[in-house]
Amino acid sequence: MGRSFLSSQISRISNILLKGVERQLTDYKNRFSQIEELNDFITRLLVTDLDFNNAYNTAVGFFGSDRVRFAAVDGTEYSRRLFDFILFFGGAYAANGEIQFHEDSKPTVDYYTKHIEEGRGISSCVPVYINEVPEIDQTFFSESDDPEGLLTQPLSEQEIADNSRIANWIMTFAEYYLAYLLVTDANDPVRILFLDRSLSGTQRAIAKETSKKTYWDTKCAILGFVVDGEPIDKNDLFIGRYRVSNPELNLPPARGDFLRHSMILLLDRKDSPLTLKQICEELGIKDAVREDRVGRYLNSLVREEIILKSHSKYRLNPQYRNSWDRISKLVRTLGERIFRESIEESATGIRMIIERKDGTSQYLSTLDIAFLTLFCFYMLIEECWKRKVLLLGITKDTAASDFKNHFIPVCSNCNLFGCTVSPELFSNLPNTDRMLLQHFSFNCWDTLSPPWSLIEYDSAFTTIVPDHDRGPRFVRGARKNKITMERLFLKTYIQLQVAEHDPKLRSNVLLIDRLAYPEYDMRKENIEVFHQIYVGEEPVNIFILKNEKIRNELQNLTLVTLAATTSSTIPEIFGHNKPLFVADNVAKWNYNLFKNLIDTTKDWIMTNKDLKKFVYYMTSFRERRGEFEWLRRGA
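Cut-offs applied
- Residues numbered from 1 in each chain as written.
- Predicted model: local features only at pLDDT ≥ 70, side-chain atom pairs only at ≥ 80, totals over all residues.
- Heavy atoms only, no water.
- Phe/Tyr/Trp six-rings, centres within 6.5 Å; stacked < 30°, edge-to-face > 60°.
- Helix = DSSP H or I, 4+ residues; strand = E, 2+ residues; numbered from the N terminus.
- Buried < 20%, exposed > 50% of the residue type's maximum accessible area, 1.4 Å probe, protein only.
- Lys NZ or Arg CZ within 6 Å of the ring centre and 35° of its normal.
- Salt bridge = Lys/Arg side-chain N within 4 Å of Asp/Glu carboxyl O.
- Core = buried A, V, L, I, M, F, W, Y, C linked by side-chain atoms within 4.5 Å.
- Contact = heavy atoms within 4.5 Å.
- Pairing = 2+ DSSP bridges.

Now for the packing of aromatic side chains. Within this structure, the stated rule accounts for 26 aromatic pairs. Seen from their ring centres, Phe-89 and Phe-594 are 4.1 Å apart, and the 15° between their planes marks the pair as stacked. In this pair, Phe-89 is assigned in strand E3 (residues 85-100) and Phe-594 in helix H21 (residues 578-606), connecting sequence segments 505 residues apart. Judged by relative accessible area, Phe-89 falls into the buried class, the value being 4%. Under the relative-accessibility criterion, Phe-594 is labelled buried at 10%. Clustering of aromatic rings is evident, with ring pairs tying together Phe-62, Phe-63, Phe-101, Tyr-517 and Tyr-520. It is Arg-260 that lies over the ring of Tyr-297; its NZ or CZ is 3.8 Å from the centre. Geometry around Phe-530 places Arg-473 over its ring, the cationic atom sitting 5.3 Å from the centre.

Evaluated as defined, the whole model comprises 30 salt bridges. Among the ionic pairs, Arg-197 bridges to Glu-175, the shortest N-O distance being 3.1 Å. On the criterion of sequence distance, the pair formed by Arg-197 in the loop between strand E6 (192-195) and helix H8 (199-209) and Glu-175 in helix H7 (residues 166-183) is long-range, its members being 22 residues apart. The class for Arg-197 is buried, based on a relative accessible area of 18%.

On to the nonpolar core. The biggest cluster of nonpolar side chains holds 192 residues, and the ones touching the most others in it are Leu-193, Ile-279, Leu-380, Phe-403 and Phe-407. Aside from chain neighbours lying at most four places away, what touches Phe-403 is Leu-45, Ile-408, Pro-409, Asp-433, Leu-436, Leu-437, Leu-454, Tyr-457 and Tyr-493.

Relative to strand E21 (residues 536-543), strand E20 (residues 527-534) runs antiparallel, the two sharing eight bridges. Opposite Val-529, over in E21, you have Asn-541 as the bridge partner. Between E20 and E21, which pair antiparallel and follow one another directly, the connecting turn spans one residue.

Turning to its location among the elements, Ser-568 is positioned in the loop between helix H20 (553-564) and H21. Overall, Ser-568 belongs to the exposed group, its relative accessible area being 52%. Along the chain, Ser-568 and Ala-499 lie 69 residues apart, while their C-alpha atoms are 8.2 Å from each other.

Here it is as structure tokens:
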């Protein structure tokens, strides 16, 4: 007698699963075996010595004190269908403390304990009717001929609820706005700030989210918002998208997609108009092809009335001299409204609605919140430069592979470290940088002991690959020949702890990126010049330390600080950051509190005698079916 249909299907799926897992494990075993060929190369790139005296001197020079306040910020989000609408919740919470640096020993760390009663946190909740979600969530926006996107939007309410990112955007904005508040606190400002995300990755992602100008007119509620008597317009949004102004770091760079912004900021800094030749000289542009491009961009900016031209000289339109001040005020105004002002009105979601002078109103879309988050991030960066705040992003369980796929190939292609690695070896290495470095550390357990760090390198390497067709010093963008902004963030990978009972048992490798600071990082020996063929040949000036012996005070300070803020007494923190662990627990506590609040609100509605005639129709078929199935299983 043959097997039943069910047993045949189970047997088939089991074999597929087993063979697939075996293939993956064999593939990874083969990849791990290739790492030994890179041992000498990676060893040259490791920083293994903690210099406490140097960290103490750097802290005193950078912060102006050997004892400073730190904070870690983490966020949480929650969304729940409640009858015919969805509740979106997002918030961010901080863990605080102080760190004391010493000349001859590791720093001591004091953690504030009353995080629930006295801690800092912000949050917001917005209820939105399900049919309105596609109108305010960029996930569902459409560029098709269908103006309302009705033909391309999901028809299922559950699809809309499952794919909406409104709560995530509220949380992200909350994290950066809280970070900004902590840094600018007049009474007790933070000097070391830990964020639970990649700084460079977030900046790139949000800049991309705000790149589609076709959405700005119809989906941006902040367009027309009046600040200091002037409405925010599209030119303000354009100017603010890459408004990272630091002449000492040559930011924004005068190349690629950033050329227009570097020209605008140059004219903003100048009191008198400049000719085309003077602009090119100021930006360090000498060849004819790039000069022609500057001329074309100037003409386009003149047409858009961002720049004014008179007698072959160019100046910034006076209307946009205070553009960044108005954008900053916009962020603070809406940030306070969304997260901190008390609600007296009973109108639904009033804090997420922009009221127009003509009596109309419009929800803040996720595109609006993306703009606010990006601008807030730049405001935070500006304050960190001005106030000397060490800004660190810490990413756990990262799937990044730029060290393997970008950094090593580019540096090997021009023999930057005195040796080369064959391209064939790259494809055989483990898929992620984290797995590559963790296995390397495991293999070298007898000679390499945590804490250690890779040398820091420019986060722009995440978008750079070698241009083999043109020569060793030529590079191109990994996607669409686009290279992100260089000299803004520096990244590395670190491993902080080893188990006392087993030297082979080590903590996870973490990705760290930090803000660059000109007085420490903008040294001639730290800058390597590559060339990209974009519009003509453009220089790409990349930060990189060619070996671990080059002086890098801020990396040493960062490594000493991170090593001091981990713990071996709590298993969950092993090799991670205790301030972020505490912030995560505070966020989870608030998440559970809000979730219980929503659940009890639904119970109140379901048992309200005045609504009992409507409750049946207010619930969806899926919800009613789920309740019956739950009751049947429990019977």
